[in-house]
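Single-letter residue listing:
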Amino acid sequence: MGIGELDREAHVPEVTGAATAPRTLAEALRARGDEGLAALLRARPDLLSPVPNDLTQLATRAGTRGSVVRALERLDRFALQTAEALAVAPDPTPYPVLLGLLTGDEGDAEIEAALPGAVALLREQALVWGEDDRLRLVRTARELLAPSAQHPSPTGLGPTVAEATSGMSPGRVQEIIAAAGLPPTHDPVSAVAALTELFTDRDRMGALLDTASPDALSVLDRLVWGPPYGEVTAKPAAPVQWLRDHGLLLPVSPRTMVLPREVALHLRGGRAHRAPEPVAPVPGVLREYRPQVVDSAAAGQAQLALATVEELLKSWDRGGPPVLRAGGLSVRDLKRTAAALDVSEETAAFWLELCYGAGLLASDGEADERYAPTPAYDDWLDLPPAERWALLVTPWLTATRTPGLVGGQDTKGRTLSVLGPDLDRSPAPEVRHRVLGLLATLPPGSSVEPESLFARLRWERPLRGASAAAEGGDLRSRLARWALAEAELLGLTGRGALSGPARALLNLPLAEAASAGALGGGVELSVAADRAATLLAPLLPEAVDHVLLQADLTAVAPGPLRRPLADALAVLADVESKGGATVYRFTPGSVRRALDSGQTATDLHEFLKAHSRTPVPQPLAYLIDDVARRHGHLRVGAASAYVRCDDDTVLGEILADRRSSSLGLRRLAPTVLAAQTDPASLLDGLRSMGYAPAAESATGDVLITRADAYRTGARTAPVPVPDGPPAPDTTLLGAAVKAIRAGDRAATAVRKEPATAPAAAGGLPRTSAAETLATVQAAAMTGSAVWIGYVNAEGGASQRVIAPVRVEGGFVTAYDHTADEVRTYPLHRITGVAELADDQV
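The shown structure was predicted, so the numbers you read here are calculated from the model rather than taken from an experiment.

Participant: Please clarify how the overall build of the protein chain should be interpreted in this entry.
Facilitator: The number of helices and strands found in the protein chain is 35 helices and 25 strands. Principal-axis analysis of the C-alpha atoms gives the protein chain an extent of 120 × 90 × 55 Å. The proportion of buried residues among the 841 residues of the protein chain is 48%. Working note: accessible area of the protein chain is about 39,500 Å², and carbon and sulfur atoms make up 54% of it. Mean positive and mean negative side-chain charge positions of the protein chain (83 and 102 charges, respectively) differ by 3 Å.

Participant: Explain the nonpolar core to me, please; I cannot follow it from the model alone.
Facilitator: Burial of nonpolar side chains together is a common tendency in soluble globular proteins. By size, the foremost hydrophobic cluster in this structure holds 70 residues, and its most contacted members are Val309, Trp351, Leu352, Trp389, Trp396, Leu436 and Leu492. With eight residues, helix 25 (residues 475-490) is the largest single contributor of residues to this core. Apart from residues lying up to four places away in sequence, Trp351 is in contact with Ala305, Thr308, Val309, Leu312, Leu341, Leu489 and Leu490.

Participant: Can you help me understand the pattern of salt bridges in this one?
Facilitator: Side-chain pairing between opposite charges can occur once the charged atoms of the two side chains come close. Under the defined criterion, the tally for this structure stands at 33 salt bridges. The closest approach of N and O atoms between Arg136 and Asp91, which form a salt bridge, is 3.5 Å. Of the two residues, Arg136 is situated in strand 2 (residues 136-137) and Asp91 in the loop between helix 6 (77-88) and helix 7 (95-103); the sequence distance between them amounts to 45 residues. Between Asp105 and Arg202 there is a salt bridge, with its nearest N and O atoms 2.2 Å apart. Here Asp105 is found in the loop between helix 7 and helix 8 (109-124), whereas its partner Arg202 is found in helix 13 (residues 202-210), with 97 residues between them in sequence. Classification of Asp105 as exposed rests on a relative accessible area of 52%. A residue is classified by how much of its surface remains accessible, and Arg202, at 33% relative accessible area, is partly exposed. When salt bridges with common partners are traced through the structure, they connect Arg74, Glu430, Arg461 and Arg476 into a single cluster.

Participant: What is the right way to read the side chain of Thr82 from this model?
Facilitator: Among the structural elements, Thr82 can be located in helix 6. On the basis of relative accessibility, which here comes to 0%, the residue Thr82 falls in the buried class. Apart from residues lying up to four places away in sequence, Thr82 is in contact with Leu98, Leu102, Leu115, Ala118, Val119 and Leu122.

Participant: Please explain the packing of helix 11 (residues 170-179) against helix 12 (residues 188-200) as it appears in this structure.
Facilitator: Packing of helix 11 against helix 12 brings their axes to within 10 Å, and their N-to-C directions diverge by 30°. Between helix 11 and helix 12, the interaxial angle falls into the category roughly parallel. Of the two possible hands of crossing, helix 11 and helix 12 adopt the one that is left-handed. Within the contact between the two elements, helix 11 uses Pro170, Val173, Gln174, Ile176 and Ile177 and helix 12 uses Pro188, Ala191, Val192 and Leu195. Its residues assigned to classes, the contact of helix 11 with helix 12 shows eight nonpolar, one polar and no charged.

Participant: Looking at this structure, I do not really get the environment of Leu438. What am I missing?
Facilitator: Looking at where Leu438 falls in the secondary structure, it is placed in helix 22 (residues 428-440). For Leu438 and Pro283, which are 155 residues apart along the polypeptide, the C-alpha to C-alpha distance reads 7.4 Å. Setting aside anything within four residues of it in sequence, one finds Leu438 in contact with Pro283, Leu453, Arg456, Leu457 and Glu460.

Participant: Explain empty space enclosed by the protein to me, please; I cannot follow it from the model alone.
Facilitator: Evaluation of the coordinates by the stated rule reveals two cavities of 30 Å³ or more. Of the volumes computed, that of the largest cavity is approximately 50 Å³. Around the largest cavity sit Thr402, Ala428, Val431, Arg432, Leu479, Trp482, Ala483 and Glu486, which together line it. Looking at the lining of the largest cavity, the elements with two or more residues in it are helix 22 and helix 25. The leading source of residues in the lining of the largest cavity is helix 25, at four residues. Classifying every residue of the lining of the largest cavity by side-chain character gives five nonpolar, one polar and two charged.

Participant: Explain the packing of aromatic side chains to me, please; I cannot follow it from the model alone.
Facilitator: Any two aromatic rings considered together are summarised by their centre-to-centre distance and by the angle between their planes. One pass over the full model with this rule turns up three aromatic pairs. Ring centres 5.0 Å apart and planes at 55° place the aromatic pair Phe350 and Trp351 in the tilted group. For the ring pair Tyr377 and Trp380, a centre distance of 6.2 Å and an interplane angle of 25° mean the geometry is stacked. One end of the pair, Tyr377, and the other, Trp380, are both in helix 20 (residues 375-381), three residues apart, so they sit about a helical turn from each other. Assessed through its relative accessible area of 1%, Tyr377 is described here as buried. Stacked on the ring of Trp380, the Lys or Arg Arg388 has its end atom at 5.3 Å from the ring centre.

Participant: I'm lost on the sheet that holds strand 5 (residues 256-258) in this one. Help?
Facilitator: Note on sheets: strands pair through backbone hydrogen bonds, and any given pair is parallel or antiparallel. Strand order across the open sheet formed by three strands is 3-5-4, with antiparallel pairing between neighbours. Two strands close off the open sheet at either side, each with one partner strand: strand 3 (229-231) and strand 4 (250-253). Going from strand to strand, the sheet's axes swing by 35° on average, the running direction of each strand aside. Note that strand 4 and strand 5 share three bridges and pair antiparallel. Paired with Ser253 across the strands is Thr256, a residue of strand 5.

Participant: I tried to follow the side chain of Asp54 on my own but got confused; where do I start?
Facilitator: Within the secondary structure, Asp54 sits in the loop between helix 3 (34-43) and helix 4 (55-62). Despite its burial, Asp54 remains without a salt bridge, the nearest opposite charge being carried by Arg30 at 6.3 Å. One polar contact links the side chain of Asp54 to the main-chain amide nitrogen of Thr56, over a distance of 3.2 Å. For Asp54, the contacting residues outside a window of four places in its chain are Ile740, Gly743, Asp744 and Ala747.

Participant: Any chance you could explain the packing of helix 28 (residues 563-572) against helix 30 (residues 601-611) here in plain terms?
Facilitator: Describing two packed helices takes the angle between their axes plus the distance from one axis to the other. For the pair helix 28 and helix 30, the least separation of the axes is 12 Å and the interaxial angle reads 130°. Taken together, the axes of helix 28 and helix 30 are oblique relative to one another. Helix 30 is crossed by helix 28, and the crossing has left-handed handedness. Contacts between helix 28 and helix 30 involve Leu565, Ala568, Leu569 and Leu572 on the former and, on the latter, Leu604, Phe607, Leu608 and His611.

Participant: Looking at this structure, how should I read unusual backbone geometry?
Facilitator: Most of the time, phi is negative for any residue but glycine, and the peptide bond is trans. Of note, the bond from Ser49 into Pro50 is cis; its omega dihedral lies within 30 degrees of zero at -10°. In this structure, Leu419 takes a positive phi of about 65° despite not being glycine. Mapped onto the secondary structure, Leu419 falls in the loop between helix 21 (385-398) and helix 22. Phi at Arg495 takes a positive value of approximately 55°, unusual for a residue other than glycine. One can find Arg495 in the loop between strand 10 (493-494) and strand 11 (497-498).

Participant: Whenever I open this one, the sheet that holds strand 12 (residues 548-550) confuses me. Can you help?
Facilitator: As summarised here, the arrangement of the four strands in space is 12-13-15-14, forming an open sheet in which the pairing is antiparallel. Edge strands, defined here as strands with exactly one partner in the open sheet, are strand 12 and strand 14 (574-577). Across the sheet, the axes of successive neighbouring strands diverge by a mean angle of 30°, strand direction being ignored. Here three bridges tie strand 14 to strand 15 (residues 582-585), and the two strands are oriented antiparallel to one another. Paired with Asp574 across the bridge in strand 15 is Arg585.

Participant: Please clarify how helix 3 should be interpreted in this entry.
Facilitator: Think of an α-helix as 3.6 residues a turn; residues three or four steps apart then line up on the same face. Three or more residues of helix 3 are buried, namely Leu37, Ala38, Ala39, Leu40 and Leu41. Those residues of helix 3 that are buried lie in contact with helix 2 (25-30), helix 4, helix 8 and helix 34 (730-748).

Participant: Hey, could you run me through the pairing of strand 23 (residues 811-816) in this one?
Facilitator: Along any regular strand, the residues point their side chains to alternate faces of the sheet. The pairing of strand 22 (residues 797-808) with strand 23 spans six bridges and is classified as antiparallel. Within strand 23, the residue paired with Ile802 across the bridge is Asp816. Here strand 22 folds back onto strand 23 in antiparallel fashion, the turn holding two residues, of which Gly809 has a positive phi close to 60°.

The rules behind each value
Residues numbered from 1 in each chain as written. Predicted model: local features only at pLDDT ≥ 70, side-chain atom pairs only at ≥ 80, totals over all residues. Heavy atoms only, no water. Helix = DSSP H or I, 4+ residues; strand = E, 2+ residues; numbered from the N terminus. Buried < 20%, exposed > 50% of the residue type's maximum accessible area, 1.4 Å probe, protein only. Areas by Shrake-Rupley, 256 points an atom, 1.4 Å probe, with all protein chains shown as cover. Lys, Arg positive; Asp, Glu negative; His and termini not counted. Charge placed at Lys NZ, Arg CZ, Asp CG, Glu CD. Core = buried A, V, L, I, M, F, W, Y, C linked by side-chain atoms within 4.5 Å. Contact = heavy atoms within 4.5 Å. Salt bridge = Lys/Arg side-chain N within 4 Å of Asp/Glu carboxyl O. Axes fitted to C-alpha atoms, helices over the stretch in contact; angles between N-to-C directions. Parallel < 35°, antiparallel > 145°, perpendicular 65-115°, else oblique. Left-handed = near helix turned anticlockwise from the far one by under 90°. Nonpolar A, V, L, I, M, F, W, Y, C, P; charged D, E, K, R; others polar. 1 Å grid on protein atoms, 1.4 Å probe; cavity = no way out; pocket = protein on both sides within 12 Å on 5 of 7 lines; lining within 4 Å. Points joined across faces, edges and corners; volume = space filled by probe spheres on them. Phe/Tyr/Trp six-rings, centres within 6.5 Å; stacked < 30°, edge-to-face > 60°. Lys NZ or Arg CZ within 6 Å of the ring centre and 35° of its normal. Pairing = 2+ DSSP bridges. Polar contact = N/O pair within 3.5 Å; in protein donor to acceptor, adjacent residues only side chain to side chain.

Below you can see the structure in the form of structure tokens.
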């Protein structure tokens, strides 16, 4: 939009008649109440940054291209179709004409019922203004939605007869109207008007088409619903030539013809869209379950989610894989993580991103950067299970990072890696919440039919989905598909239906919900999360404090273990299988790990006796005693490294073993071997040979290693990328409307021009210092308001309407109607003053 266009739409005349129809968008906004302005600013928060000075500036900003594009992207399909119909209609458009473009000749009761709401929505968002007899689409929106050769309209319509013949010679126009049976005219303008009148007259147009051959009608059928352009040869076929001669096809280039808009509308029966959609698709029910079944299934999945997160982070307790130079996790490390969790790579990427988004996982920031749990992970472990679950799902609802994109490519063809950059998609939180909200509209216990859900989302934001085609299809549908899968993994849904705790998290009624409100519904998300955790807690299995030891060197945990027992058993045994009951396997390596952590064989025996509901099997007792007897028999320290042992025959065996050649061992004394490798590698090498060495300190004491020895520094969770400006709250909206109203009163106040040195049109008033002082003193005495020109310390000039209260010491203290507050102004910075008209503030 050019400057002239903005001036045409936003210019405000000095006097606006209250009873006259608005002539500009600014006048239409001025006629609104405060609630109407607040609704506009709430729907289009970008207009608030910064707060406009007055309604003229608000109207100008509402017509800028960027703001209009954002507003169009948030329209539902029928509101967008209404705007598209206005874009191909005459400007201004009477309401009956708009209705005819949407319903066609046959009419449609659903469209007639839905159209007033769509027009009201467009008016509320300042995309349409004017009374019903003169509806006007904002010029920028018309430019974006009107059909052109470069940007075809979704209506499939082409240019009007006047637009298509704008470059045609007058003689050719006369030939067309003669072939159509119209009398010749004296100028091209009247000729085009006569041809347009013919094409819009249903009876005469029907008679003309009755003379066309079936082949010619077939050509029109191929063009009628778009695209309206077609290529022709230098010598077109007879049917095409007939259409061309009668103006039913008009040339736009030597080889391209176009079907005029008026002809297409006649062939369509007056309908601008092939398939108007006035009613939103209703998500269908796939299956129905009892709500108790859904809650139980969701609770089981929530318990599994907690166990998966704990297992993942525990496996990285000593430091996780390295960070790629470009950021993120390598494909090889992602595959290893997926194998360790026994899930697919896509699911592993989700769990990693979930931990990262919840602030439980981060990079350590060291020179050799790698991933590790954060200190917040230890705090998270100490919470009750339901609260831990709430701390996972709350950041998931608001996160913009999208793990479903992992493995794809960015705009530069680079592969997107998990935990790496470029995974943020700002619509993700809105889509996640909308998916859960639509699930809440179904009867409790009902799962949704996915395709009907995706159809509903496409209807609600058609442009937002279409704008992401470059990313491999409809982005909103892909986000919705991922949201459904992730909600099931987190236990927000059970068997595809929304659970009771999820309803509480969204602040929805726990029984039937007629519709889903905004996220949180006016309640803080943290409060809603507490409610959800309270509902989930009774559904989770209670933690147990015992295991069942078996003779095959396994232990069965009949439920989730309490924290101290789970941590101790994880050191003493390896997890063999997971599920409702977890199976642990005792091995020489796992027992040695427990001994390395500082425990003795006696400690291990006592631990098992205290926490087993069955007697300690003899094979397990023998395993512990055997490993303990050999544990620490060898000692490894730093020389580069050394091995010492009281039994010199054991050292002789090690030297004679070919597998020790890579360690670079040599005997320093009968009971000491020196190595050319570091102590850690020496420990690993001897353990791989079947020995059970223990590390020792420089003083000869045994070193105790702990599994949770490594943490990153304090790290904050990633901040979501906002999808445009944040929605303003009620307080901000009230203050903004008040400021805009005050500024508009000052800008449009009618004022008396001073007798001397009148201001130029639109400029600041100019008066002498004596006149200025006398006028403001008189205003202070009478309590009246005046109009001043003011230049601040930075040299910025402005116009203000003030009501002087006190004038002294070279300053005037006054109530500023523009700023809606009391201010003090130096008199020497006031360029001039003028009285307001008698009927003004």
